[in-house]
Amino acid sequence: HHVTTAGGVKLYVLPGSDGAFTDAAFSCDGVTDAKLQAAVTACAGKRLLLTISHAWTTAVSQLAVTGMGTTLEALPGVQFSYAAATNNGILISGANCALSGLTVNAPATFDGANVAPTYAVIRATGDGAKVHGCTLNNVPKVGIWFDDVNTCAAWENTINGNFPIGDYTDITTGHFAIAIN
């Protein structure tokens, strides 16, 4: 089952006529991380339409897209915000997954450490990952990171680093809008 009512009735969420599931159907409320994660997990290999902006508050984890072939598509204006600057915002580890149309707001904190990156606003470790039409606001270290993948694609994204150029030093390295390794 996907959702349990207040009376204890267990329900399964069905897709709409376009074949997409919605976060609202999974009782996502914009503040409960577990509900959004459960919706993403339940839609493994399917299309989940994000209709509700969400403020991720769990500092030790990220929104994980693990199911092969999962697509997260956001309606215009939907935002995902997270609070832990030294963690991934969204981790795409399933193969052939896609993220489109989402505005992702990272904390307005810049990581000036002169070390190799270990996290990104959007980090993809699954082959065939696609990031399209997303807006990233504030980039602590890396905006989109395709980490150890063979195939990937990113197009028509807007990345607003929001860090003043005057604050960079001569030894600041390892900051990327899009990184591929």
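A short tour of the structure in this document, coming up. (Residues numbered from 1 in each chain as written. Predicted model: local features only at pLDDT ≥ 70, side-chain atom pairs only at ≥ 80, totals over all residues. Heavy atoms only, no water.)

1. So, the environment of P15
Okay, so step 1: Positionally, P15 belongs in the loop between β2 (10-11) and β3 (21-22).
Okay, so step 2: Separated by 32 residues in the primary sequence, P15 and R47 place their C-alpha atoms 8.9 Å from one another.
Okay, so step 3: Once residues within four sequence positions are removed from consideration, P15 is found in contact with A20 and F21. (Helix = DSSP H or I, 4+ residues; strand = E, 2+ residues; numbered from the N terminus. Contact = heavy atoms within 4.5 Å.)

2. Quick look at the sheet that holds strand β4 (residues 47-50)
Okay, so step 1: Across the sheet, which stays open at both edges, the six strands sit in the order β3-β4-β7-β10-β13-β16 with parallel pairing between neighbours. At either margin of the open sheet sits one strand with a lone partner, and together these are β3 and β16 (152-155).
Okay, so step 2: Both β3 and β4 contribute to a ladder of two bridges, which runs parallel. Pairing of T22 across the sheet is with L49, part of β4. (Pairing = 2+ DSSP bridges.)

3. Some points on the pairing of strand β7 (residues 71-74)
Okay, so step 1: Covered by surrounding structure in β7 are L72 and A74 only, the residues T71 and E73 on the alternate face being uncovered.
Okay, so step 2: Inspection of the sheet shows β4 paired to β7 by four bridges, in the parallel sense. What sits directly across from L48, in β7, is L72.
Okay, so step 3: Sheet topology places β7 next to strand β10 (residues 98-100); three bridges connect them, and they run parallel. When the sheet's bridge partners are listed, E73 is paired in β10 with S100. (Buried < 20%, exposed > 50% of the residue type's maximum accessible area, 1.4 Å probe, protein only.)

4. Looking at the nonpolar core
Okay, so step 1: Grouped together as the largest cluster of nonpolar side chains are 37 residues, with contacts concentrated most on L48, F80, I90, I92, L102 and I122.
Okay, so step 2: Looking at which element gives the most residues to this core, the answer is helix α1 (residues 33-42), with three residues.
Okay, so step 3: If sequence neighbours within four positions are ignored, F80 has contacts with L36, H54, W56, L63, G89, I90, L102, T103, V104 and N105. (Core = buried A, V, L, I, M, F, W, Y, C linked by side-chain atoms within 4.5 Å.)

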